[in-house]
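# Observations on the three-dimensional arrangement
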Amino acid sequence: MAPRSDSRILIVGAGAVGQVYGHHLAEAGCSVSVLVKPKYEEAAKEGYILHHHSLRRSTVKKFKPDNVFTDVSKARGIWHEIWLCVPTPAIYEPWFDDFVRHMVGESTIVAFQPGLDEHDYLCARLGADRVVQGLIGMISYQAPLPGEHLQPGVAYYFPPLAPSSVGGPADRATPVVELLQKGGCPAALSEDAYEQQALGSSILNPMIVGLEIEDWSFDQFASSSTLALAVDAATEAAGIVEAKTRAKSWLLNKVRKPWVFKLAMPLARWLMPFPLETYLRYHFSKVRTQTARNVTQYLEYGGKLRVPIVSIRRLHDKWNRTLDVTPGTQMADIHHSAASSAALAAAPAAASVSASFAAVNVPILEAPIIDDVVLDAPIVEDDIATKPKVQLLPAGTAPAVLVTNPEKIAIVTDEDLVSLDEETPIPEDDE
């Protein structure tokens, strides 16, 4: 399947990742449209402001989609490529059933959702011959960060020697790579993009946890015992990935050393054309529950695969103590249910979330945010500060209260519904 400069492309979720890829695909001559929530429709129609960072300067660009859709059924059409630039939980929400039903045909599906189950899930629902796995090769965020003097928009940076890797059926992956390259976005074809992503996340997640324990300070992290613990946890996480996917990386085995990170952190701070520690604090504090879900997934798979998880558990416990999380509540109770692709297609469970450095901000159908913390399920939004809210969970499910004001949230199972007052607010689907 040869690349077409007149390709019709649909970006699902025009956040910090979708906007950047959409811009570079438009630069390649493609007709690029977006599918977003209704509340983002006007902003999408006006066009997006982008700040392309380089080592020397920042260039302002603008991306204006050819069409803006807010309903899956109305976005039906002939698309050469459909890019899923949404966070992982979104593909398990009700809207995705409509997406699967309406987006049939020969479109190539470009997916960036990491995790140990997500690729199989997408292949089961959309067809393995259509799905191309992407590994995001950029850092992007909603600008400005505190201390930056940029016009509001999305800022992004392509780190050297880290192109967006694309893998999957060669006749579909190759045109994706060629279009990105033509549009000025570094990209490379990779047969093991999924494995690369899983192995990369095995380092990133423990390091982010360790960095937050040390208050997001490179200097404090480098001089602490937490660094060695995080490196040991990363080694165990890589062992879990290798046991499940058979993926291995000689290079990653060599760099998982405390002294490597002690050298790399100040170098990374110097190389980035934006305040790196500020970015990490801003982004990963906001998506803390996503990181927690990934760490919990390592613990679960480590037990199932009989791979050591001693350091991961110690790091996880230290993180909870740092955040003053009471055992048995909040992040300590995040649970990931592993299931086969067939089971996920029938009744998808909670998913692991992207561990990419790229922020997927303002996505379509993202989980609601209370106090900057992402919840797993929709919650009634009126009068959040004073009215108790209800989050429904399957019977027997361990509750996970992922908010900074947990006393304001009532958690019930479907067995408890008989005791609810008729006027108790019940969550509704976001869209």
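Scroll up a little and you will see the structure.
Let me begin by describing the structure that accompanies this report. (Residues numbered from 1 in each chain as written. Predicted model: local features only at pLDDT ≥ 70, side-chain atom pairs only at ≥ 80, totals over all residues. Heavy atoms only, no water.)

Summed over all chains, the structure comprises 15 aromatic pairs. Taking the centre distance of 5.7 Å and the plane angle of 35° together, the rings of W83 and F112 count as tilted. With W83 in strand 6 (residues 81-84) and F112 in the loop between strand 7 (108-111) and helix 4 (118-126), this pair connects stretches of sequence that are 29 residues apart. The exposure class of W83 is buried, given its relative accessible area of 0%. We classify F112 as buried; its relative accessible area is 8%. Aromatic pair Y141 and F274: ring centres 5.4 Å apart, planes at 55°, arrangement tilted. Residue Y141 is located in strand 9 (residues 139-143), and its partner F274 is located in the loop between helix 10 (258-271) and helix 11 (276-286); the two are separated by 133 residues in the primary sequence. Taken individually, Y141 and F274 each receive the classification buried, so the pair is uniform in this respect. Three or more aromatic residues joined by ring pairs form one cluster here, namely Y92, W95, F96, F99 and Y121. Above the plane of the ring of W79 lies R8, whose end atom (NZ or CZ) is 4.3 Å from the centre. Between the NZ or CZ atom of K304 and the centre of the ring of Y301, over which it lies, the distance is 5.8 Å. (Phe/Tyr/Trp six-rings, centres within 6.5 Å; stacked < 30°, edge-to-face > 60°. Helix = DSSP H or I, 4+ residues; strand = E, 2+ residues; numbered from the N terminus. Buried < 20%, exposed > 50% of the residue type's maximum accessible area, 1.4 Å probe, protein only. Lys NZ or Arg CZ within 6 Å of the ring centre and 35° of its normal.)

This part is about the nonpolar core. Grouped together as the largest cluster of nonpolar side chains are 50 residues, with contacts concentrated most on M207, I240, F274, Y279, L280 and I312. The element contributing the most residues to this core is helix 6 (residues 193-213), with 10 residues. If you look at the next biggest cluster of nonpolar residues, it comprises 37 residues, including I9, A44, V110 and A173. (Core = buried A, V, L, I, M, F, W, Y, C linked by side-chain atoms within 4.5 Å.)

All right, on to the sheet that holds strand 7 then. Ordered by their spatial adjacency, eight strands build an open sheet running 5-2-1-6-7-8-11-12, and the pairing between neighbours is mixed. In this open sheet, the two strands that pair with only one neighbour each are strand 5 (67-69) and strand 12 (187-189). Shown here is a sheet whose adjacent strand axes are inclined to one another by a mean of 25°, direction ignored. As paired strands, strand 1 (residues 8-12) and strand 6 are joined by four bridges and run parallel to one another. What sits directly across from V12, in strand 6, is L84. Against the sheet, helix 4 makes contact with strand 6, strand 7 and strand 8 (131-135), and its axis sits at roughly 155° relative to strand 8, the strand it touches most. (Pairing = 2+ DSSP bridges. Axes fitted to C-alpha atoms, helices over the stretch in contact; angles between N-to-C directions. Contact = heavy atoms within 4.5 Å.)

This part takes up helix 13 (residues 310-322). Between its first and last C-alpha atoms helix 13 spans 18 Å; for 13 residues at 1.5 Å apiece the expected length is 18 Å, and the two agree. Residues of helix 13 that are buried: S311, I312, L315, H316, W319 and N320. In the core, the buried residues of helix 13 are packed alongside helix 6, helix 8 (226-245) and helix 12 (288-305). Of the residues trailing helix 13, D324 is marked for its positive phi of about 60°. (Expected span 1.5 Å × (residues − 1).)

All right, on to the pattern of salt bridges then. Within the structure shown, the criterion is met by 10 salt bridges. Its salt-bridge partner being E212, residue R288 comes within 2.6 Å of it at the nearest N-O pair. Taken together, the positions of R288 in helix 12 and E212 in helix 6 put the pair 76 residues apart, joining distant regions of the chain. The class for E212 is buried, based on a relative accessible area of 7%. Several salt bridges share partner residues, and in doing so they unite D219, R269 and E277 into one network. (Salt bridge = Lys/Arg side-chain N within 4 Å of Asp/Glu carboxyl O.)

Between its first and last C-alpha, helix 12 extends 26 Å over 18 residues, near the 26 Å set by a 1.5 Å rise per residue. Counting buried positions along helix 12 gives 14 out of 18 residues, so the element sits mostly inside the fold. Note on helix 12: the residue one or two positions beyond its end, R306, has a positive phi of about 60°.

So, about the environment of R256. Of note, R256 is situated in the loop between helix 9 (250-255) and helix 10. The exposure class of R256 is buried, given its relative accessible area of 7%. Placed 23 residues apart in sequence, R256 and A233 show a C-alpha to C-alpha distance of 9.9 Å.

Another aspect to go through is the sheet that holds strand 3 (residues 48-53). Ordered by their spatial adjacency, four strands build an open sheet running 4-3-10-9, and the pairing between neighbours is mixed. Of all strands in the sheet, those with a lone pairing partner are strand 4 (58-63) and strand 9, marking the two edges. Here the strands of the sheet are splayed against their neighbours by 25° on average, with no regard to which way each runs. Two elements, strand 3 and strand 4, share six bridges in a ladder whose sense is antiparallel. Residue pairing in the sheet places H52 in a bridge with T59 of strand 4.

With that settled, consider unusual backbone geometry. With an omega of 0°, the peptide bond between A143 and P144 qualifies as cis. Looking at where P144 falls in the secondary structure, it is placed in the loop between strand 9 and strand 10 (153-157). With a phi close to 60°, D215 is a non-glycine residue in the positive phi region. Along the polypeptide, D215 turns up in the loop between helix 6 and helix 7 (218-222). The backbone phi angle of R246 is positive, close to 70°, even though this residue is not glycine. Mapped onto the secondary structure, R246 falls in the loop between helix 8 and helix 9. A relative accessible area of 68% means that R246 is categorised as exposed.

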